[in-house]
Amino acid sequence: MALPGWQALAGEACYRARFWQQVGMDNTSSTLWPSRKAWIISAIIALVALAILFVMGRPPICACGTVKLWHGVVQSAENSQHIADWYTPSHFIHGLLFYAGAWAFLVKCQPLTLAPKSWGLPLAVLVEAAWEVFENTPFVIDRYRDVTVSWGYVGDSIINSMSDIGWMTLGFLFAARVQWWVSAGLAVVLEVLTGFIIRDGLALNVLMLVAPFDAVREWQAMA
């Protein structure tokens, strides 16, 4: 006997919910998905970073006077001045890593922490925003120019810094919706891709800032 219409729909909904939960895409399965309050706090943190960058005298947009969705030339005055570039994947990976850290801190160590599990995103935005501010200090700008392949680096425009926070947020939300191995695999793919195309990426960038190697710098300069 055929099920009544509403029972059939309910059965289909349950089937779909079980399927998406199995592949890690269930909207309610993530304990780290931000709450409304967490979204508001994240937005406030980003706005504070925006204000600090303005006070620091960072240019709102590229000195060229235009705003591009994508700029793909690394060794140019417009690098890190637009919405996305070859370093955007690194910021997306930040989000993947911050999600893993938030999970370890807020879920695995939950009895030792007081912050709600849904506040993982504000913590991630706080760390990313702090880096964007620190990255645009004279100390870090000079460090990039002295020990990395980015000899002409002059810092980020504000629109680029805010976009970087946005790309990190997308990475965090992506990690909240998929299985851990999907995030790990994507991080590896993005690192290999940028390493192949521009001979740089998140791991190489950190390495050259912390413990620069002349051999690596010379190899990067050949890109």
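Residues numbered from 1 in each chain as written. Predicted model: local features only at pLDDT ≥ 70, side-chain atom pairs only at ≥ 80, totals over all residues. Heavy atoms only, no water.

Counting 25 residues, the largest nonpolar core has Tyr99, Val125 and Phe172 as the members making the most contacts within it. Counting only elements with at least two residues in this core, the list comes to helix H2 (36-55), helix H3 (88-108), helix H4 (120-135), helix H6 (158-175) and helix H7 (180-198). If you look at the next biggest cluster of nonpolar residues, it comprises five residues, including Val140, Ile141, Tyr144 and Tyr153. (Core = buried A, V, L, I, M, F, W, Y, C linked by side-chain atoms within 4.5 Å. Buried < 20%, exposed > 50% of the residue type's maximum accessible area, 1.4 Å probe, protein only. Helix = DSSP H or I, 4+ residues; strand = E, 2+ residues; numbered from the N terminus.)

To continue, consider the confidence of the model for the protein. In the predicted model, the protein carries a mean pLDDT of 86, and 84% of its residues have values of at least 70. Overall, residues 13-29 carries pLDDT values under 50, and its contacts beyond four positions in sequence, including any with other chains, amount to 13 contacts. (pLDDT = per-residue confidence, 0-100. Contact = heavy atoms within 4.5 Å.)

Another aspect to go through is H7. Taking 1.5 Å of rise per residue, 19 residues should cover 27 Å, and H7 covers 27 Å from first to last C-alpha, within 8% of that figure. For H7, the complete set of buried residues consists of Ser183, Ala187, Leu190, Thr194, Gly195 and Ile198. Projected down its long axis, H7 carries its buried residues within an arc of 125°, all on one side. What points out from H7, more than 90 degrees from its buried face, is the exposed set Trp181, Val188, Val192 and Phe196. Looking at the buried residues of H7, the elements they touch are H3, H6 and helix H9 (214-221). Positive backbone phi, at 55°, marks Arg199, one or two positions downstream of H7. (Expected span 1.5 Å × (residues − 1). Arc of directions from axis to C-beta.)

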